[in-house]
Amino acid sequence: MSSVESHQQQLSQSDPSPSPNSCSSFELLDMDAGSLYEPVSPHWFYCKIIDSKETWIPFNSEDSQQLEEAYGSGKDCNGRVVPTDGGRYDVHLGERMRYAVYWDELASEVRRCTWFYKGDKDNKYVPYSESFSQVLEETYKLAVTLDEWKKKLESPNREIIILHNPKLMVHYQPVAGSDEWGSTPTEQGRPRTVKRGVENISVDIHCGEPLQIDHLVFVVHGIGPACDLRFRSIVQCVNDFRSVSLNLLQTHFKKAQENQQIGRVEFLPVNWHSPLHSTGVDVDLQRITLPSINRLRHFTNDTILDVFFYNSPTYCQTIVDTVASEMNRIYTLFLQRNPDFKGGVSIAGHSLGSLILFDILTNQKESLGDMDSEKDAPNIVDEGDTLTLEEGLKKLQLSEFFNTFEKEKVDKEALALCTDKDLQEMGIPLGPRKKILNYFRTRKNSMGINRPTLQPASGVTISNIPKESGFCSKTDATGNGDYLDVGIGQVSVKYPRLIYKPEIFFAFGSPIGMFLTVRGLKRIDPNYKFPTCKGFFNIYHPFDPVAYRIEPMVVPGVEFEPMLIPHHKGRKRMHLELREGLTRMSMDLKNNLLGSLRMAWKSFTRAPYPALQASETTEETEAESESSSEKLSDVNTEETPVAVKEEVPPINVGMLNGGQRIDYVLQEKPIESFNEYLFALQSHLCYWESEDTVLLVLKEIYQTQGIFLDQPLQ
């Protein structure tokens with residue numbers, strides 16, 4: 001054993017790594033002692049900068065296994081690329097770097113980890129470098145094999161690691177300013193804990209994602225670079241949304257997963273804030289920004305001004321071009337990396353992002369052939385455009401009003417700008433003027449002619465743009481001509497085309513209804529629908545200060561509640577059920593009390609009969625029974641409205657969502673119901689981690705494929 005002792009002394013004094021001659025020591029050992037050592041199982045980690053601190057995050061088990069197989073394949077790692085995280089990141093094995101595929105992000109360092117350390121103030125374990133981990137492993141192997149511990153190693157940073165036994169290994173940091181006369185490592189404060197193998201540290205390692213992708217969803221953010229109260233980016237928030245969806249697929253689509261009917265839904269973020277603020281506008285704003293309350297003004301310039309940018313023709317063009325081109329670019333790249341993808345595509349927008357998507361969708365063509373026909377025949381006009389005013393009136397069988405227009409010097413172009421009130425002042429009756437307005441405005445809109453101003457019935461002048469989608473003002477069956485173009489009031493920009501047709505459009509916390517109203521649109525034609533998108537869901541939290549409804553613009557004369565989104569665990573939240581139960585109980589008590597008082601009053605005011613024959617008594621008894629049944633029926637009729645209120649009859653909300661309901665409201669949490677104002681801002685940013693929101697999205701997406709929840713939610 002003299003050779004082993006001399007080797008141990010050499011290791012502890014100078015070189016921390018075992019000498020090349022250490023193999024001769026193992027040959028002298030018996031097999032029983034050598035069998036105590038088991039090689040460590042490596043796991044791959046990547047480094048992320050979170051709150052200005054390096055945080056090492058483990059790859060999921062499948063990705064780590066793929067990286068280890070590529071590392072141990074014996075091939076040259078240089079140039080070897082391994083896709084991870086569902087194909088959203090690529091790991092360049094030779095560089096040990098991780099790169100984002102679909103968006104811009106700083107590259108992350110990747111490390112094959114076996115040994116870790118953690119201090120008292122550290123939240124997570126930090127892996128040692130691969131080279132020093134190899135030295136630690138060789139030293140550990142020697143200590144286990146020889147059963148000789150208290151070995152000391154010096155790291156490249158001149159830090160001391162002492163292996164006391166397999167359960168106790170510590171890491172001492174050098175004291176600043178100490179010299180050779182300074183304290184020994186055991187006297188240098190509290191040591192760090194050292195662990196061997198990922199199974200000995202507290203870290204969550206998730207399973208991999210399903211390889212099969214059933215559907216692709218693009219998610220567009222709202223104002224500002226931060227999307228939640230933790231000031232996280234759209235990429236991080238969409239990561240949460242995706243994680244929630246994977247968990248819900250396992251709990252609510254378990255049968256479909258077991259039958260291998262479904263894989264997963266891929267959510268990819270679309271960022272337009274960075275390209276907008278890289279145009280140099282921030283520099284221009286900084287020159288005119290006051291120096292006081294600097295942080296508040298910076299927040300305003302970086303976040304709230306995005307709303308004004310979108311209402312500017314110059315920057316609105318930049319925003320819509322960025323959103324559309326990014327979605328087209330990511331879609332093309334996604335198909336290149338997933339050539340077997342046969343699923344559909346949907347889009348989702350939060351806050352202002354939903355308005356951007358709404359405007360893009362309203363300006364799409366029904367087919368790519370429409371775009372080609374525009375390029376091939378730009379000068380084609382229809383018969384309605386060639387007709388003069390006199391010929392148009394003759395076609396409507398209203399030639400008697402031509403002299404009236406000629407007297408007022410109103411030609412065909414001027415007539416298209418007239419309102420119902422203008423024609424009324426000319427003395428034209430209601431029926432003819434409705435026909436005239438509808439006919440000439442339709443001819444003008446179908447040709448895409450600019451309308452500088454439009455005056456609705458209220459007399460408010462509103463600017464408009466040439467409508468490329470071809471949807472125009474309409475008159476409903478009742479003769480009401482209040483329907484104006486859905487694109488009315490949009491900023492005059494050229495809306496780009498999407499290279500795919502979205503199946504569903506989801507809006508989270510959306511101000512679409514408010515913007516349409518401000519633009520001058522009072523009602524949405526029930527027959528209106530997006531040219532290329534079949535579904536539209538307006539999802540919002542009841543306390544969201546930015547969210548507005550859509551359905552009242554389609555059915556303005558009817559008051560009805562939005563659809564309540566079920567809780568992901570089924571039923572309503574307890575406090576909502578309690579509130580409804582108390583309301584229902586109070587109504588029942590009120591109705592029963594009124595019925596009892598009515599019966600008592602009638603009995604009290606009935607005339608007395610001193611002597612009655614038996615037959616009369618029988619007749620009275622029958623009469624009382626009939627009256628009591630009538631009273632009961634009265635009570636029941638009073639209770640009927642409560643039941644009817646709960647079971648709302650079907651309401652026709654138009655074709656914007658294919659005839660289905662459009663507005664869907666979340667259930668507030670019990671703590672949120674105590675103070676609406678306190679949770680208002682949080683309510684606008686709650687959608688990323690809301691299981692109820694994600695489950696509704698998954699349910700609607702998979703319903704298009706004929707796949708339903710394991711148990712329908714109530």
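Predicted, not measured: the structure shown is a model, and the values here were computed from it.

Asker: I'd like a rundown of unusual backbone geometry, residues and numbers included.
Answerer: Phi angles above zero are rare outside glycine, and K150 is one such case at about 60 degrees. Residue placement: K150 occurs in the loop between α5 (130-146) and β9 (151-154).

Asker: Hey, could you go over the sheet that holds strand β4 (residues 89-92) for me, with residue numbers and the actual values?
Answerer: What the six strands build is an open sheet, ordered β2-β1-β6-β5-β4-β3; its pairing is antiparallel. If you trace the sheet from one side to the other, it starts and ends with β2 (53-58) and β3 (81-84), each paired once. Sheet twist, expressed as the average angle between the axes of neighbouring strands with direction ignored, equals 35 degrees. Of the pairings in the sheet, the one linking strand β5 (residues 97-100) to strand β6 (residues 108-113) comprises two bridges and is antiparallel in character. Directly across from R98, in β6, lies its bridge partner S108.

Asker: Can you lay out the environment of K699 for me, pointing to particular residues and giving the numbers?
Answerer: As for its position among the elements, K699 is in helix α25 (residues 691-703). For the pair K699 and L709, spaced ten residues apart in the sequence, the C-alpha separation amounts to 6.9 Å.

Asker: Outline the packing of helix α6 (residues 234-252) against α25, listing residues and values.
Answerer: With their axes 9 Å apart at the nearest point, α6 and α25 run at an angle of 65 degrees to one another. As summarised for this structure, α6 and α25 are arranged roughly perpendicular, according to the angle between their axes. The element α6 and its partner α25 pack so that their crossing is right-handed. Contacts from F241, V244, S245, L248, L249 and H252 of α6 reach α25 at E691, T693, V694, L695, V697, L698 and Y702. Tallied by class, the residues present in the contact of α6 with α25 amount to nine nonpolar, three polar and one charged.

Asker: So what's going on with the nonpolar core? Residues and values would help.
Answerer: Residues F218, M327 and F505 are the most contacted members of the largest nonpolar core, which totals 102 residues. Looking at this core element by element, the count peaks at nine residues for helix α11 (residues 313-337).

Asker: Can you break down the packing of aromatic side chains residue by residue, with the values?
Answerer: For the structure shown, the criterion picks out 27 aromatic pairs. Taking 5.3 Å as the distance between ring centres and 45 degrees as the angle between the ring planes, the aromatic pair formed by F253 and Y702 counts as tilted. Pair noted here: F253 is in the loop between α6 and α7 (254-258) and Y702 is in helix α25, with a separation of 449 residues, a long-range link. According to the relative accessible area criterion, Y702 is buried, its value standing at 0%. An angle of 85 degrees between the planes, with centres 5.0 Å apart, marks the rings of F334 and F341 as edge-to-face. Both residues of the pair, F334 and F341, count as buried. By the ring-pair criterion, three or more aromatic residues cluster together here, those being F241, F267, F508, Y687 and W688. Just above the ring of Y46 sits the side chain of R98; from NZ or CZ to the centre is 3.8 Å. Sitting above the plane of the F560 ring, R549 keeps its charged end 5.3 Å from the centroid.

Asker: Help me get a handle on the sheet that holds strand β7 (residues 115-118), residues and values and all.
Answerer: Spatially, six strands are ordered β8-β7-β12-β11-β10-β9 in an open sheet, and the strand pairing comes out antiparallel. What marks the edges here is a single partner per strand, and that holds for β8 (126-127) and β9. Where strand β11 (residues 168-172) and strand β12 (residues 192-196) come together, two bridges link them in antiparallel fashion. Note on β12: the bridge partner recorded for V170 is T193. Sitting on the sheet, α5 is in contact with β7, β9, β10 (160-165), β11 and β12, with an inclination near 170 degrees to β9.

Calculation criteria
- Residues numbered from 1 in each chain as written.
- Predicted model: local features only at pLDDT ≥ 70, side-chain atom pairs only at ≥ 80, totals over all residues.
- Heavy atoms only, no water.
- Helix = DSSP H or I, 4+ residues; strand = E, 2+ residues; numbered from the N terminus.
- Pairing = 2+ DSSP bridges.
- Axes fitted to C-alpha atoms, helices over the stretch in contact; angles between N-to-C directions.
- Parallel < 35°, antiparallel > 145°, perpendicular 65-115°, else oblique.
- Left-handed = near helix turned anticlockwise from the far one by under 90°.
- Contact = heavy atoms within 4.5 Å.
- Nonpolar A, V, L, I, M, F, W, Y, C, P; charged D, E, K, R; others polar.
- Core = buried A, V, L, I, M, F, W, Y, C linked by side-chain atoms within 4.5 Å.
- Buried < 20%, exposed > 50% of the residue type's maximum accessible area, 1.4 Å probe, protein only.
- Phe/Tyr/Trp six-rings, centres within 6.5 Å; stacked < 30°, edge-to-face > 60°.
- Lys NZ or Arg CZ within 6 Å of the ring centre and 35° of its normal.

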